[in-house]
Amino acid sequence: VLRGDASEEELAKLKGALVLVGTSALGLADLRTIPLQTGYPGVEAHANVLDTILQGALGFDVFYYQPDWEPGATLLLLIVSGAFLAFYLPRRTPPTMIVVSLAWLLLVLGSNAAVWWHWHLALPLALPVITVVALALLNIIAGFLITNRQKHAIQNLFGEYVPPAYVERMVANPTVLSLEGEQREMTVLFADVRNFTALSESLSATELKDVLNRYLSAITQVIFEHQGTIDKYVGDLVMAFWNAPLDDPEHAKHAVEAALAMQKRMVALRDEFAAEGLPEFHIGIGLNTGTMNVGDMGSRYRRAYTVLGDSVNLASRLESLCPFYGVPILVSEQTRQANPEFLYLPIDLVRVKGRREAVELFQPLSFSGHASEFQRKQVAGVETFLRYYRSKQWQQAQEQLATLLQNDPNNNAFYAVYKARLAHILASKQTPADFPVFSHEQK
């Protein structure tokens, strides 16, 4: 074209066109910096400007601009983003926080792109994106630190008192755990070594420590295997409870199963001690089910997760009555009612210290489906005796008691209690006004 030797056909293609003549060679230094790159030919920058002007003149809406209300819109977007993320992200799991943050970020980017594409509005994007990313990172880091602190707190508080599986569940989902004081129906267990003082006097300090540690380890393992929580050790006494800190709908069943398993474990432990020349010992276990107060209690110097209440005290009273009746386990009527699938031996009606109403005591023997014929006959025989005894048919009660002693000489301590009472009643021919309720304080 510049030389004048272009053909008519080539010149026809240029008809009505605007042509810019320039250079793109690096050595000629006609390079400019634009938003997209640093070495852009100046003639092409002019061509882009000219193209935009021409399209606008032809009626194409190609101009993008920043409206006057942009600062207010940007501020509103920052407030909404900050309020939403600050309210929603805390206390969420890290995967949830990441997904929600990414979704909100895509929403911000998408809305900005939609405004740009459809209405040709140039709204700032960097500040909203930085806000979303910063809040997401802040909450993820804070959530990680809080979760890590909760894990350590749970492990420190419950690691030695609840089964490892419980700790894992609480660590995985801390929201199921509540340390606040609350009332709930629970089952509590007390287990104590009989004649521990006499036992301790026959052992050296080292032997006593070894025996006690082995005993507590064995009992604790059984309780953990049956989903129980250790409340405390007081010397040779073990206190445990069920249905806290995690819910256990079958807490009474698991507690009775644990008590039976504890006595079974004690048989094996006595054999081990006998083989080592150590004295054997027996334990008594008391169980009660009822409403109790549970939570993190104590002073500012020392706190513990424990249970309190009259139902707790009753379980302790039952444990203390085990040696009196010569039975390994005593449970209350409430515990028996919660576990009808077990076979129970009725023991007595007792008015324990601190209670006006009498409490009926039972000894759990086994699951009903696993009970032996001897156990079933024993329960039937004792029920018959108590029916005579509580209806004050003394002669029939005495005859039934003699039959029980003949058929079951191993329960001599239990039967001896009633034998002494009947002997006293028949000798004095006087019946206590509140008979046949036995007062715990008479022990």
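Our structure is the block above this text.
Asker: Run through the overall build of the chain, naming residues and quoting values.
Answerer: Counting its secondary structure elements, the chain contains 14 helices and eleven strands. By residue count, 39% of the 443 residues in the chain fall in the buried class. In the chain, 65% of the contacts between residues at least 6 apart in sequence involve partners at least 24 apart. By element, 57% of the accessible surface of the chain is carried by carbon and sulfur atoms, the whole surface being about 25500 Å².

Asker: Describe in detail a nonpolar patch on the surface, supporting the description with residues and values.
Answerer: A surface patch of nonpolar side chains, amounting to about 620 Å² of accessible area, comprises Val1, Leu2, Leu11, Leu14, Val19 and Val21. Secondary-structure assignment places Val21 in the loop between α1 (8-13) and β1 (31-34).

Asker: Describe the side chain of Asn112, naming the residues involved and giving the relevant values.
Answerer: Within the secondary structure, Asn112 sits in helix α4 (residues 94-119). In this structure Asn112 comes out as buried when scored by relative accessible area, which is 14%. Dropping the residues within four chain positions of it, Asn112 is found in contact with Leu123, Pro124 and Leu125.

Asker: Can you tell me about the packing of aromatic side chains, naming the residues and giving the values?
Answerer: By the definition in use, this model includes 14 aromatic pairs. Taking 5.8 Å as the distance between ring centres and 10° as the angle between the ring planes, the aromatic pair formed by Phe84 and Tyr88 counts as stacked. Highlighted residues: Phe84 and Tyr88, both in helix α3 (residues 70-88), separated by four residues, approximately one helical turn. Exposure remark for Phe84: the relative accessible area of 30% places this residue in the partly exposed category. Among the residues examined, Tyr88 registers a relative accessible area of 27% and is labelled partly exposed. When the ring of Phe385 is compared with that of Tyr418, the centres are 5.1 Å apart and the planes differ by 80°; the resulting orientation is edge-to-face. Within this pair, whereas Phe385 is found in helix α12 (residues 373-390), its partner Tyr418 is found in helix α14 (residues 412-428), the two being separated by 33 residues in sequence.

Asker: Break down the pairing of strand β3 (residues 182-193) for me, with residues and values.
Answerer: The buried count for β3 comes to nine of twelve residues, which makes it a mostly enclosed element. Bridge analysis of β3 against strand β6 (residues 283-298) gives twelve bridges, and the strand direction is antiparallel. What sits directly across from Ala191, in β6, is Ile285. For β3 and strand β5 (residues 237-242), the ladder comprises five bridges, and the chain directions are antiparallel. Counted as the bridge partner of Phe190 is Met239 from β5.

Asker: Residues and numbers for the nonpolar core, please.
Answerer: The biggest cluster of nonpolar side chains holds 37 residues, and the ones touching the most others in it are Tyr215, Phe281, Ile285 and Leu287. When residues of this core are traced back to their parent elements, those giving at least two are β3, α7 (196-201), α8 (205-225), β5, α9 (251-275), β6, β8 (329-331) and β9 (342-351). Ranked by the residues each element gives to this core, the list is headed by α8, at nine residues. For Ile285, the residues in contact, after removing those within four places along its chain, are Leu189, Phe190, Ala191, Ala259, Met262, Gln263, Glu319, Cys322, Pro328, Ile329 and Leu330. Counting residues in each nonpolar core, the second largest holds 31 residues, with Tyr325, Val327, Val359 and Val382 among its members.

Asker: Before we move on, could you go through the pattern of salt bridges and cite the residues and values that matter?
Answerer: All told, the structure shown has twelve salt bridges when counted by the stated rule. In this structure, the salt-bridge partner of Arg214 is Glu276, at a minimum N-O distance of 2.8 Å. Taken together, the residues Arg214 in helix α8 and Glu276 in the loop between α9 and β6 connect sequence positions 62 residues apart. Accessibility expressed as a relative area gives 47% for Glu276, which makes it partly exposed.

Quick notes on the rules
- Residues numbered from 1 in each chain as written.
- Predicted model: local features only at pLDDT ≥ 70, side-chain atom pairs only at ≥ 80, totals over all residues.
- Heavy atoms only, no water.
- Helix = DSSP H or I, 4+ residues; strand = E, 2+ residues; numbered from the N terminus.
- Buried < 20%, exposed > 50% of the residue type's maximum accessible area, 1.4 Å probe, protein only.
- Contact = heavy atoms within 4.5 Å.
- Areas by Shrake-Rupley, 256 points an atom, 1.4 Å probe, with all protein chains shown as cover.
- Patch = residues over 30% accessible without salt bridge, like charges linked within 9 Å, V, L, I, M, F, W, Y side chains within 5 Å.
- Salt bridge = Lys/Arg side-chain N within 4 Å of Asp/Glu carboxyl O.
- Phe/Tyr/Trp six-rings, centres within 6.5 Å; stacked < 30°, edge-to-face > 60°.
- Pairing = 2+ DSSP bridges.
- Core = buried A, V, L, I, M, F, W, Y, C linked by side-chain atoms within 4.5 Å.

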